[in-house]
Every structure is written in structure tokens, then in C-alpha cells.
Amino acid sequence: LAALVRVGFAERLIVVGGVEISIPDTNRAWAIREMLVRDLDVPPNRVEIIESRPNTMGNADAIAMLIETDITLGSCVVVSNHYHLPRATFMLTSRNIHFPLYPAEAFILVEDESRKTEVIERLGGGPLAERVGEELQGIAHIIKGIYKPRT
């Protein structure tokens, strides 16, 4: 998420999340904001949090409420882990919310394409992780405006 700010893709981040079940009394959005600000040098005034129920449905509900009060549809995207996007897409479209959705891992490659091997390793390595890495690189190229089809 920090890469979104560093590469100039986002003016501000709104992190949505609920109580982390594995760490009682800890809000996931708050913890992510703290990591972004303390560990990754994102300016505090560029990261906001919205508390939600601790699941994808709760996040979608919080985004829907945010749209009603604060967000212009054309000014927002949703960023989440690539593996989470299908369910997040389903939850959002079931509420008639149609933002562009981006895999967070692609922004690692927008910022520094030499980290592709690292991304593949973080995805577990192997043929499927390598294929996902190729897709993420393609998305990074689309974001950067340098995409060229290979076939």
C-alpha cells in the first residue's frame, strides 16, 4: 500500500478493516495505518482508517457507507491482495459498487520491477506463483502505461 503513495498513484489511502480476531482489541485498519506511517514512511495525513466488521462483507458495507457520505465514485479504486479480489469483487458488485479493483502486489512491481522474484517467492513459489507473478507484472505495466501483449 505504501507503494501507491510513493509512485504517485494515490493522494490518500483509506484503509478499511475490523478487529483482528487473532489479536483481540486490535483494529486491523489501525494496525495497517501504523505500519504504513511508522515503518514505511507514508505521511500520516495521507492515511485514514474506517473501522468495519472483521470480514470482507463488513469491509464492503463500510465502503458502501463511505460512498454515501464521502467518496465520488470516479475518484476511488479498491486495492487488496490478488487472492482476495474475486471475493471482494463479488461483495462490492452485490451492493452495486463498481470501482476499479487492483491487486496490491502489482504496486510492488510498479515501484520496483526487480522485486518480481521476491513477489513470486512470497506467493509460495512454483508454477502457479510464477504465473501469478507474470499477471501481476502485466498489471504493473498497464498501470505504468508500458504494457505490450506477448501474443
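Since the model is a prediction, treat every value here as computed from it, not as a measurement.

**Q** Looking at this model, I keep getting lost on the pattern of salt bridges. Mind explaining?
**A** Two side chains of opposite charge can pair, provided their charged atoms sit close to one another. Taken as a whole, this structure holds eleven salt bridges when the rule is applied. When the shortest N-O distance is used, the salt bridge between Asp-61 and Arg-95 registers 2.7 Å. Remark: Arg-95 occurs in the loop between helix 4 (85-93) and strand 4 (101-103) and Asp-61 occurs in helix 3 (residues 56-69); sequence separation between them is 34 residues. Among the residues examined, Asp-61 registers a relative accessible area of 24% and is labelled partly exposed. Look at Arg-95 and you get partly exposed, because its relative accessible area is 23%. Ionic pairing is found between Arg-131 and Glu-135, a salt bridge with its closest N-O pair at 2.6 Å. You can see Arg-131 and its partner Glu-135 sitting in helix 7 (residues 126-144), four residues apart, about one turn around the helix.

**Q** What is the right way to look at the side chain of Ser-52 in this model?
**A** Checked against the element boundaries, Ser-52 lands in the loop between strand 2 (47-51) and helix 3. Engagement of the side chain of Ser-52 in a polar contact is seen with the side chain of Asn-59, the distance being 2.6 Å. When neighbours within four sequence positions are excluded, Ser-52 is seen to be in contact with Val-16, Gly-17, Gly-18, Val-19, Gly-58, Asn-59 and Ala-62.

Conventions and cut-offs
- Residues numbered from 1 in each chain as written.
- Predicted model: local features only at pLDDT ≥ 70, side-chain atom pairs only at ≥ 80, totals over all residues.
- Heavy atoms only, no water.
- Salt bridge = Lys/Arg side-chain N within 4 Å of Asp/Glu carboxyl O.
- Helix = DSSP H or I, 4+ residues; strand = E, 2+ residues; numbered from the N terminus.
- Buried < 20%, exposed > 50% of the residue type's maximum accessible area, 1.4 Å probe, protein only.
- Polar contact = N/O pair within 3.5 Å; in protein donor to acceptor, adjacent residues only side chain to side chain.
- Contact = heavy atoms within 4.5 Å.

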